Amino acid sequence: MTEAVSEDEGAVPDVRRRDFLNIAAVTFAGVGAGAVVIPLVNQMNPSADVLAEASIDVDISAIESGQSIKTSWRKQPVFIRNLTAKEIAEANKVPMSELRDPETLADRTKPGKENWLVTLGVCTHLGCVPLGAAEGEDKGPYGGYFCPCHGSAYDTAARIRKGPAPLNLVVPPYEFGTDTKVTIG
Ligand code: FES
């Protein structure tokens, strides 16, 4: 004669089996997440050539007032411009209320070195390289830089003044090592 199993007696093993299955699933998920995270972390580590370009030193001694140079940092173009007194005055007289991305020239330069404007040469609309850094290039209606792709115009502090770009040209991290050497990055 088969012994009847009460409901209570039958419930205990069921619960334990479910617990085991849940624990097994969680443990598997944990291992799975670990296995995915490690390659992602490895991918985020900078490669040797990126580390080598983490910062660059630029000799600015030959850039005369009114001239600019183009260089490159982390595979992005960088403009370094030696602003004239007139260009500085033009930037400083613009009311903040007229700016789409309000920043003063002082905000975008180093104290005592307002004439040195260091920016990425990357339009903040869709990333074209604006004109205006090389000799004879179109500086646009505000005398700074002009993006030929869709007509964004930047002023002498490289602030966006007209066209579809939403933001000023980005000022990268940089320091003056000496009066004639800038370290970018
Ligand atoms: S990318 Fe410069 S205006 Fe569009």
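These notes cover the structure that comes with them. (Residues numbered from 1 in each chain as written. Predicted model: local features only at pLDDT ≥ 70, side-chain atom pairs only at ≥ 80, totals over all residues. Heavy atoms only, no water.)

## A short note on the overall build of the protein chain
Here is step 1: Broken down by element type, the protein chain carries three helices and nine strands.
Here is step 2: Moving toward the C terminus, one meets the helices and strands of the protein chain in the order α-α-β-β-β-α-β-β-β-β-β-β.
Here is step 3: The burial tally for the protein chain puts 30% of its 185 residues in the buried class.
Here is step 4: Once local pairs closer than 6 in sequence are excluded, the contacts in the protein chain between residues at least 24 apart make up 53%. (Helix = DSSP H or I, 4+ residues; strand = E, 2+ residues; numbered from the N terminus. Buried < 20%, exposed > 50% of the residue type's maximum accessible area, 1.4 Å probe, protein only. Contact = heavy atoms within 4.5 Å.)

## Observations regarding the state of the cysteines
Here is step 1: Taken as a whole and judged by the stated rule, the model has one disulfide.
Here is step 2: In this model Cys128 forms its disulfide with Cys149; the gap between the sulfur atoms is 1.9 Å. Taking the sign of the torsion about the S-S bond as the criterion, the disulfide between Cys128 and Cys149, at about -100°, is left-handed. Placement of the pair is Cys128 in the loop between strand E4 (116-120) and strand E5 (143-146) and Cys149 in the loop between E5 and strand E6 (153-155), with a sequence separation of 21 residues.
Here is step 3: With relative accessibility at 21%, the residue Cys128 sits in the partly exposed group. (Disulfide = S-S within 2.5 Å.)

## Side note on the nonpolar core
Here is step 1: Ranked by internal contacts, the top residues of the largest apolar core, which has 16 residues, are Leu105, Tyr145, Tyr154 and Leu169.
Here is step 2: Core analysis: the next-biggest nonpolar cluster, separate from the first, contains 14 residues, Val58, Trp73, Trp116 and Val118 among them. (Core = buried A, V, L, I, M, F, W, Y, C linked by side-chain atoms within 4.5 Å.)

## Notes on unusual backbone geometry
Glycine aside, negative phi is the norm for most residues, and most peptide bonds take the trans geometry.
Here is step 1: The residue Arg74 is not glycine, and still its phi comes out positive at about 50°.
Here is step 2: Exposure remark for Arg74: the relative accessible area of 41% places this residue in the partly exposed category.
Here is step 3: Backbone geometry places Lys75, a non-glycine residue, at a positive phi of 65°.
Here is step 4: Within the secondary structure layout, Lys75 lies in the loop between strand E2 (68-73) and strand E3 (76-82).
Here is step 5: Residue classification places Lys75 among the exposed positions, given a relative accessible area of 60%.

## With respect to the packing of aromatic side chains
The geometry of an aromatic ring pair is captured by two quantities: the separation of the ring centres and the angle between the planes.
Here is step 1: Enumeration according to the criterion identifies two aromatic pairs in this entry.
Here is step 2: In this arrangement the basic side chain of Arg81 is found over the ring face of Tyr145, its NZ or CZ atom lying 4.9 Å from the centre.
Here is step 3: Lying over the aromatic face of Tyr174, Lys110 brings its terminal NZ or CZ to 4.6 Å of the ring centre. (Phe/Tyr/Trp six-rings, centres within 6.5 Å; stacked < 30°, edge-to-face > 60°. Lys NZ or Arg CZ within 6 Å of the ring centre and 35° of its normal.)

## Focus on helix H3 (residues 85-92)
Here is step 1: Taken as a whole, H3 has its buried residues at Glu87, Ile88 and Ala91. Projected down its long axis, H3 carries its buried residues within an arc of 100°, all on one side. Seen from the buried face of H3, the exposed residues on the opposite side, beyond 90 degrees, are Ala85 and Lys86.
Here is step 2: Looking at the buried side of H3, the elements it contacts are E3 and E5. (Arc of directions from axis to C-beta.)

## Examining the sheet that holds strand E8 (residues 174-178)
Here is step 1: An order of E1-E9-E8 is seen for the three strands of this open sheet, with the pairing classed as antiparallel. The open sheet has two free edges, formed respectively by strand E1 (56-59) and E8, since each of these has just one partner strand. If you compare each strand with its neighbour and ignore which way they point, the axes differ by 30° on average.
Here is step 2: Across four bridges, the pairing between E8 and strand E9 (residues 181-184) is antiparallel. Within E9, the residue paired with Phe176 across the bridge is Val182. (Pairing = 2+ DSSP bridges. Axes fitted to C-alpha atoms, helices over the stretch in contact; angles between N-to-C directions.)

## Examining the sheet that holds E5
Pairing between the strands of a sheet is mediated by backbone hydrogen bonds and can be parallel or antiparallel.
Here is step 1: Read across the sheet, three strands follow the order E5-E6-E7 without closing on themselves; strand pairing throughout is antiparallel. The open sheet has two free edges, formed respectively by E5 and strand E7 (160-162), since each of these has just one partner strand. Ignoring strand direction, the axes of neighbouring strands in this sheet form an average angle of 40°.
Here is step 2: Here two bridges tie E6 to E7, and the two strands are oriented antiparallel to one another. Its bridge partner lying in E7, Ala153 is registered against Lys162.

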